[in-house]
Amino acid sequence: MTQHVMLTNSQPFPEKFSALVPVNAKQRSFSRIGAMTLGTAIQRHLQQEKASFHTPGHKGRELAKSTNSLLQADLTELPGLDELSNPEGVLLDLEARAAKMWGSAGSLISVNGASAGIIAAMLALTTERKKFLVPRNAHRSVINAMVVGGIEPIWYEPTWDARWGTWGAVSPVSARKILSTCKASEVAGMLVVSPTYAGAVSDIASIADSCHFRDIPLLVDEAHGAHFLPDACAPSSAVTCGADLTVHSLHKTLSGMTQTGMIHLGESPVFRIDIDLLRAQLNLIQSSSPSYPMLLSIEQTITLLETNGKNLLAHLPHLRGRLEDSLADCRRFEFYTSRFETDALHICIAARGARAEQLYDFCVERGVFPEAILGQGVLFLMGIGTVTEDVAELAKVLLDFHTQNPETGSLADDGVWHFTEIEQVLSPRQAFMSPSQMVPVHEAVGRIAAECVAPCPPGIPVCVPGQRVHPEVMNLTSVKKIRVVREQLTSE
Ligand SMILES: Cc1ncc(COP(=O)(O)O)c(C=O)c1O
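The paragraphs below set out a description of the structure included in this document. All of these numbers come straight from a predicted model, not from anything done at the bench. (Residues numbered from 1 in each chain as written. Predicted model: local features only at pLDDT ≥ 70, side-chain atom pairs only at ≥ 80, totals over all residues. Heavy atoms only, no water.)

1. Points about the environment of Pro56
Summarising the element assignment, Pro56 is placed in the loop between β1 (51-53) and α3 (70-73). Each C-alpha atom of the pair Pro56 and Arg447 lies 38 Å from the other, and the pair is 391 residues apart in sequence. Excluding residues within four positions of it along the chain, Pro56 makes contact with His251, Lys252, Gly256 and Thr258. (Helix = DSSP H or I, 4+ residues; strand = E, 2+ residues; numbered from the N terminus. Contact = heavy atoms within 4.5 Å.)

2. A few points about the site of the ligand
In the vicinity of the ligand there are 13 residues, among which Ala114, Ser115, Asp221, Ser249 and His251 approach most closely. Here an oxygen atom of the ligand sits 2.8 Å away from a polar atom, N or O, in the main chain of Ala114. His251 is positioned such that a nitrogen or oxygen atom in its side chain is 2.8 Å from an oxygen atom of the ligand. Expressed as a share of its isolated accessible area of 390 Å², the protein-covered part of the ligand is 87%. With four residues, helix α5 (residues 113-125) is the single largest residue contributor to the shell around the ligand. Looking at the shell around the ligand residue by residue, the classes come out as five nonpolar, six polar and two charged. (Near = heavy atom within 4 Å. Polar contact = N/O pair within 3.5 Å; in protein donor to acceptor, adjacent residues only side chain to side chain. Areas by Shrake-Rupley, 256 points an atom, 1.4 Å probe, with all protein chains shown as cover. Nonpolar A, V, L, I, M, F, W, Y, C, P; charged D, E, K, R; others polar.)

3. Digging into the packing of helix α7 (residues 172-181) against helix α8 (residues 204-213)
Two quantities define a packed helix pair, namely the angle between the axes and the distance from one axis to the other. Where α7 meets α8, the axes come as close as 9 Å, and the angle between the chain directions of the two elements is 15 degrees. Taken together, α7 and α8 sit at an angle that is classed as roughly parallel. As for how α7 packs across α8, the hand of that crossing is right-handed. For the pair α7 and α8, the contacting residues are Pro172, Ala175, Arg176 and Leu179 in the first and Ser206, Ile207, Ser210 and Cys211 in the second. Tallied by class, residues from the contact of α7 with α8 come to five nonpolar, two polar and one charged. (Axes fitted to C-alpha atoms, helices over the stretch in contact; angles between N-to-C directions. Parallel < 35°, antiparallel > 145°, perpendicular 65-115°, else oblique. Left-handed = near helix turned anticlockwise from the far one by under 90°.)

4. Some thoughts on the pairing of strand β3 (residues 131-135)
The buried fraction of β3 amounts to four of the five residues, a majority that puts the element mostly inside the structure. Bridging between β3 and strand β4 (residues 152-156) involves five bridges; their strand directions are parallel. From the neighbouring strand, Val134 faces β4, where its bridge partner is Trp155. Strand direction decides the pairing type here: β3 and strand β7 (residues 187-193), joined by three bridges, are parallel. (Buried < 20%, exposed > 50% of the residue type's maximum accessible area, 1.4 Å probe, protein only. Pairing = 2+ DSSP bridges.)

5. Quick notes on the sheet that holds strand β10 (residues 245-249)
With mixed pairing, seven strands are arranged side by side in an open sheet as β2-β11-β10-β9-β7-β3-β4. Each end of this open sheet is capped by a strand with a single partner; those strands are β2 (106-110) and β4. Here the strands of the sheet are splayed against their neighbours by 20 degrees on average, with no regard to which way each runs. Helix α9 (residues 275-285) rests against β2, β10 and β11 (261-265) of the sheet, and its axis sits at about 5 degrees to β2.

6. A look at the packing of aromatic side chains
In this description, a pair of aromatic rings is defined by centroid distance and the angle of the planes. One pass over the full model with this rule turns up four aromatic pairs. Here Trp160 and Trp167 contribute two aromatic rings whose centre-to-centre distance is 4.9 Å and whose plane-to-plane angle is 70 degrees, an arrangement assigned as edge-to-face. Each member of the pair Trp160 and Trp167 is classed as buried. Ring plane angle 80 degrees and centroid distance 5.2 Å describe the contact between Phe362 and Phe401, whose orientation is recorded as edge-to-face. Of this pair, Phe362 sits in helix α11 (residues 356-365) while Phe401 sits in helix α12 (residues 388-404), and the two are 39 residues apart along the sequence. Take Phe362 and Phe401: they sit in the same class, and that class is buried. Positioned above the aromatic ring of Phe362, the side-chain terminus of Arg366 is 3.6 Å from the ring centre. (Phe/Tyr/Trp six-rings, centres within 6.5 Å; stacked < 30°, edge-to-face > 60°. Lys NZ or Arg CZ within 6 Å of the ring centre and 35° of its normal.)

7. With respect to the pairing of strand β14 (residues 346-351)
Burial of β14 is extensive: six of the six residues sit out of reach of the surface. Residues His346, Cys348 and Ala350 line one face of β14 and the alternating positions Ile347, Ile349 and Ala351 line the opposite face, and both faces are buried. With three bridges connecting them, strand β12 (residues 333-335) and β14 associate as antiparallel partners. In the sheet register, Glu334 faces β14, and the bridge partner there is Ala350. Bridge analysis of β14 against strand β17 (residues 377-381) gives four bridges, and the strand direction is antiparallel. Along β17, the bridge assignment pairs Cys348 with Leu379.

8. Let's talk about the nonpolar core
Counting residues in hydrophobic clusters, the biggest one holds 55 residues, and the most contacted among them are Trp102, Leu323, Phe333, Phe380 and Leu398. Broken down by secondary-structure element, the contributors of at least two residues to this core are β1, α4 (90-102), α10 (292-328), β12, β14, α11, β17 and α12. No other element matches α10, which puts 12 residues into this core. Listed in part, the 34 residues of the second largest apolar core include Phe132, Val142, Leu219 and Ala223. (Core = buried A, V, L, I, M, F, W, Y, C linked by side-chain atoms within 4.5 Å.)

Read these as layout, nothing more, since geometry by itself doesn't imply function.
Here is the structure:
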């Protein structure tokens with residue numbers, strides 16, 4: 001799948017190209033170094049924020065009553081408190097409750113987010129074969145897994161929505177095609193990101209069938225879809241649709257503290273992945289001092305789901321519907337929908353005749369904080385803690401935007417650009433471990449990257465170790481320097 005790029009020049013590209021990379025508040029508001037402490041900055045933010053449409057999904061609301069303060073709960077492996085690296089007591093019970101909740105054949109807790117879950121899952125799958133089918137919208141933790149495990153990517157493209165400038169779902173047809181062109185005996189697994197950052201959900205059941213037909217395990221990065229639970233009016237989870245391994249963040253749409261996640265073995269995995277091996281891989285990369293407040297928040301999340309949580313989740317698609325209804329009359333806003341299924345909690349909105357940055361800034365100034373600018377739209381992320389008042393506030397701010405910024409055109413439909421040509425010269429590990437140097441971005445163009453550049457959120461790489469740095473990288477990131485391989489090593 002590696003394609004070759006023509007490196008003709010390093011001229012600047014039109015501004016519209018920069019819309020490929022999601023932009024968040026960090027990149028848009030520059031706080032001067034030394035101007036304030038983190039504590040003050042958090043306090044200031046909390047004073048400004050009227051409604052949260054970003055992670056974490058609890059939205060700062062205590063959804064489950066806690067008997068302990070966070071500091072009281074900040075304990076360690078004391079008698080009765082179990083040990084996450086080899087659980088035999090309360091933490092093993094918690095994992096069993098998670099397995100029941102998501103319908104898995106076994107679930108493991110991550111206190112280093114979906115990131116650690118993805119790395120552990122990829123390492124567990126690549127003990128023999130070393131190649132992995134990786135989508136262009138893979139999270140940067142996938143690149144880290146490739147560096148740690150010496151895994152070689154076979155890049156493939158999910159659907160690209162040019163109108164919105166965002167990656168979409170993987171169609172079952174293209175999955176079949178991709179799988180049929182690879183040498184199955186060398187491929188350790190296929191990764192699919194579903195839902196995507198914009199909320200596009202892939203048909204995992206079909207893709208799993210195609211993978212298994214070719215004797216290839218399927219790993220689904222469902223970091224943004226931990227709320228895909230039965231009875232919650234959500235798409236079906238990859239866990240029950242045939243994926244062999246599924247990874248969740250518990251903090252994006254659910255109420256886990258930031259950095260909580262899970263790995264699930266499929267309900268009836270075709271590939272029997274040894275759960276002890278998976279735990280060993282997780283122990284390799286995550287802290288040996290797991291945070292008990294985080295573990296407690298995982299328990300509270302599961303307790304919430306076992307009690308009232310699914311009702312809270314089931315309400316969210318209705319809130320989205322109400323938002324759409326309240327904006328319908330002004331005919332100004334478009335809501336992103338995937339060609340396939342779209343998750344209701346990911347609300348990506350574009351205002352006709354206005355740039356996404358304008359809409360983003362307007363919302364922030366009025367105390368409604370979106371998750372990110374995503375292509376032509378602004379992503380507003382609901383979570384289990386979202387309430388009716390949040391959505392009412394969002395509707396009000398959007399209608400104000402419409403009144404104060406008269407429409408001057410249509411949603412740009414000339415397509416937000418992305419580069420299809422990538423040249424993977426060295427494996428990510430070879431490049432990462434090579435002698436390297438930092439150079440200004442314009443000097444890096446045409447050289448072999450030795451690091452991953454992936455603006456966060458959502459952490460989709462625009463530059464991967466071992467790839468020749470594409471000229472457009474200059475327009476896709478705000479970093480000033482990139483680490484490149486010192487000598488132009490070749491893979492032969
Ligand atoms: C698609 C995707 N996968 C994985 C991750 C990593 O999740 P976590 O923040 O829980 O480590 C993210 C984070 O933004 C993501 O967007």
